Amino acid sequence: MYKIILLPGDGIGIEVTKSALSVMKTVAELFNVELEFEKHLIGGSSYDAYGEPLTKETLQACYNSDAVFLGAVGGYKWESLPHNLKPEAALLKLRKALGLFTNIRPAKIYKPLIDSSSLKKEVLSGVDFLVLRELTGGIYFGEPREFDANHGLNTMVYFKDEVERIAHMAFKIARERNNKVTSVDKANVLEVSQFWRNVVHQVHKEYEDVLLNDLYVDNAAMQIVHNPKQFDVILTSNLFGDILSDIAGMITGSLGMLPSASLGNKYALYEPVHGSAPDIAGQNKANPLAAIASVAMMFDYSFEMKKAASLINEAIVKTLEDGYRTVDIQSEGCKIVSTEKMTQIVITNFKELYHNQAIGLFTL
Ligand code: IPM
Ligand code: MN
């Protein structure tokens, strides 16, 4: 039995979490695995109910989980709150509290969507890399931090163990993929980056079969747009990873398609990369595919159910191939569907793919 904590959050987070839940329930049914769900508030909706974006109860629930699924947090309504009460603060606190130091954001091209990218087809076809972002250190969390009327101050600091553990992750993940790590820093200017580079190279000695190269972050930003095929695993710090993963996300054609996993030694959190999109919230228009692909990552990384994960991904591709689109990825001649309809179609395809492969196995 696995216990999954659902944190729908705000805006379209609520709708796409419903989609994710339906997919999880389908997996439970088909693969005969027992899943228990518990829903909690986070972000703006938690602030409205309890006066804080992350309550002790929600955090405690996550401490007792096998995996956490988060929809999205944030919205115009809460933008003028002080820093520590903003919905985003909940996310940062949760990452830190659960020790989720590895953030994995795949940038994979879905063939049926290749025309919706701003990049040329030739540049894009075959692109398949992931941004591995350090998530609990660096300038996001460095002390001191302060501002007053005359100055603002943040601290970019990395400690050896923080760089070592994310570097180990990068090399291990690369071994399962195309064996290449690109470490991104700003070592020509920042001491913290020179340190990062030294530690990454030290760790690399244990993984000499994996190819390692270094890029400065400005060059990396350019290369992702210029020739994204060169990348396999991009390893980088918290702030650079925030920026590069948005660039990587955009070249794939839609932010509405991108899943993510945040992993620590004990806990794991899965969330679509898109935000809470308050402008379309509550309208049954949101694209549920990033949330559904995040569910696939959950079954892959947290429960070692690789078959379930790959069938979910195949079901997404089949749905796109059949021409179904939510408004964010619409194109000529496509069939525009709602969040709920899209979810139903993916689930139907998933069930069909599952039964087909079961029959296939049976007749072997
Ligand atoms: C992300 C987001 C967050 C971040 C914000 C909402 C705090 O942009 O997950 O990339 O900067 O990490
Ligand atoms: Mn971001």
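On a predicted model such as this, the values are computed, not experimentally measured, just so you know.

Visitor: Would you take a moment to explain the sheet that holds strand β10 (residues 233–236) for this structure?
Guide: Strand pairing in a sheet takes place through backbone hydrogen bonds and is either antiparallel or parallel in direction. Ordered in space as β2-β1-β3-β12-β11-β4-β5-β10-β8-β9, the ten strands form an open sheet in which the pairing is mixed. One side of each edge strand has no neighbouring strand; the edge strands of this open sheet are β2 (35–39) and β9 (211–216). Along the sheet, successive strands turn relative to each other by an average axial angle of 20°, direction set aside. Pairing between strand β11 (residues 259–263) and strand β12 (residues 268–272): five bridges, direction antiparallel. Its bridge partner being in β12, Ala261 is matched across the sheet by Tyr270. Helix α3 (residues 56–63) contacts β1 (2–9), β2 and β3 (67–72) of the sheet and is inclined by roughly 145° relative to β1.

Visitor: Even after reading the chapter, I still don't get the site of ligand 1, so can you show me in this structure?
Guide: Taken together, Glu88, Arg95, Arg105, Arg133, Tyr140 and Asp242 are the residues near ligand 1. Take Arg105: an N or O atom from its side chain is 2.8 Å from an oxygen atom of ligand 1. A distance of 2.8 Å separates an oxygen atom of ligand 1 from a polar atom in the side chain of Arg133. Within the shell around ligand 1, the residues separate by chemical class into one nonpolar, no polar and five charged. The residues that make up the shell around ligand 1 include at least three from each of domain 1 (1–108 + 254–364) and domain 2 (118–251).

Visitor: Please explain the domain arrangement of the chain as it appears in this structure.
Guide: Where interface size is given, it is often the accessible area lost as the parts come together that is meant. Split by domain assignment, the chain resolves into domain 1 (1–108 + 254–364) and domain 2 (118–251). A separation of 24 Å is found between the C-alpha centroids of domain 1 and domain 2. Contacts between the two partners involve 18 residues from domain 1, matched on the other side by 19 residues from domain 2. For the pair domain 1 and domain 2, the summed buried surface comes to about 1,900 Å²; carbon and sulfur atoms form 63% of the total. Contact with domain 2 buries area across many residues of domain 1, yet Phe101, Arg105 and Ala107 alone supply 35% of it, more than any other trio. Here domain 1 and domain 2 share zero salt bridges between them. At the junction of domain 1 and domain 2, the tally comes to six residue pairs in polar contact (both at pLDDT 80 or more). When residues of the side of domain 1 that touches domain 2 are traced back to their parent elements, those giving at least two are α4 (87–97), β4 (102–108) and β11. If you tally residues by element for the side of domain 1 that touches domain 2, the top one is β4, at seven residues. Among the residues forming the side of domain 1 that touches domain 2, the class breakdown is nine nonpolar, five polar and four charged.

Visitor: For this particular structure, what's the right way to read the pairing of β3?
Guide: Looking along a regular strand, one sees side chains alternate from face to face of the sheet. Most of β3 sits out of view: six of its six residues are buried. One ladder, built from five bridges, connects β1 with β3; its direction is parallel. For Ile5, the partnering residue across the bridge sits in β3 and is Val68. In the sheet, β3 pairs with β12 via two bridges, with the strands oriented parallel. For Val68, the partnering residue across the bridge sits in β12 and is Leu269.

Visitor: How should the side chain of Lys186 be read in this particular structure?
Guide: Tracing the sequence through the fold places Lys186 in the loop between β8 (180–185) and α7 (191–204). A relative accessible area of 19% means that Lys186 is categorised as buried. Reaching out from Lys186, the side chain makes a polar contact with the side chain of Asp218 at a distance of 3.3 Å. What Lys186 contacts, discounting residues up to four positions off in sequence, is Ser193, Tyr216, Val217, Asp218 and Phe240.

Visitor: I would appreciate a short explanation of the packing of aromatic side chains in the present structure.
Guide: Each aromatic ring pair is described using two quantities: the centre-to-centre distance and the angle formed by the ring planes. Scanning the model with the defined rule gives seven aromatic pairs in all. Ring centres of Phe129 and Phe231 lie 5.7 Å apart, and the angle between their planes is 55°; this geometry places the pair in the tilted category. With a gap of 102 residues between them, Phe129 in strand β5 (residues 128–134) and Phe231 in the loop between α8 (217–226) and β10 connect regions that are remote in the sequence. Of the two residues examined, Phe129 and Phe231, each falls in the buried class. Seen in terms of ring centroids, Phe171 and Tyr207 are 5.1 Å apart; in terms of plane orientation they differ by 25°. Their pairing is stacked. One end of the pair, Phe171, is in helix α6 (residues 160–175); the other, Tyr207, is in the loop between α7 and β9, with 36 residues separating them in the sequence. No difference in accessibility class separates Phe171 from Tyr207, as the two residues are buried.

Visitor: Where do I start with unusual backbone geometry in this structure?
Guide: Comment: phi is negative for the bulk of residues other than glycine, and the bulk of peptide bonds are trans. Residue Pro144 follows Glu143 across a cis peptide bond; omega there is 0°. Here Pro144 shows up in the loop between β5 and β6 (146–147). A positive phi angle, close to 55°, is found at Asn32, a residue other than glycine. Position of Asn32 relative to the elements: it lies in the loop between α1 (12–31) and β2. Non-glycine residue Glu304 carries a positive phi angle of around 50°. The residue Glu304 is located in the loop between α10 (289–301) and α11 (306–321) in this model. Owing to a relative accessible area of 67%, Glu304 belongs among the exposed residues under this scheme.

The rules behind these values
Residues numbered from 1 in each chain as written. Chains lettered and ligands numbered in written order. Predicted model: local features only at pLDDT ≥ 70, side-chain atom pairs only at ≥ 80, totals over all residues. Heavy atoms only, no water. Pairing = 2+ DSSP bridges. Helix = DSSP H or I, 4+ residues; strand = E, 2+ residues; numbered from the N terminus. Axes fitted to C-alpha atoms, helices over the stretch in contact; angles between N-to-C directions. Contact = heavy atoms within 4.5 Å. Near = heavy atom within 4 Å. Polar contact = N/O pair within 3.5 Å; in protein donor to acceptor, adjacent residues only side chain to side chain. Nonpolar A, V, L, I, M, F, W, Y, C, P; charged D, E, K, R; others polar. Domains from an automatic or database assignment. Buried area = accessible area lost by both parts, 1.4 Å probe. Salt bridge = Lys/Arg side-chain N within 4 Å of Asp/Glu carboxyl O. Buried < 20%, exposed > 50% of the residue type's maximum accessible area, 1.4 Å probe, protein only. Phe/Tyr/Trp six-rings, centres within 6.5 Å; stacked < 30°, edge-to-face > 60°.

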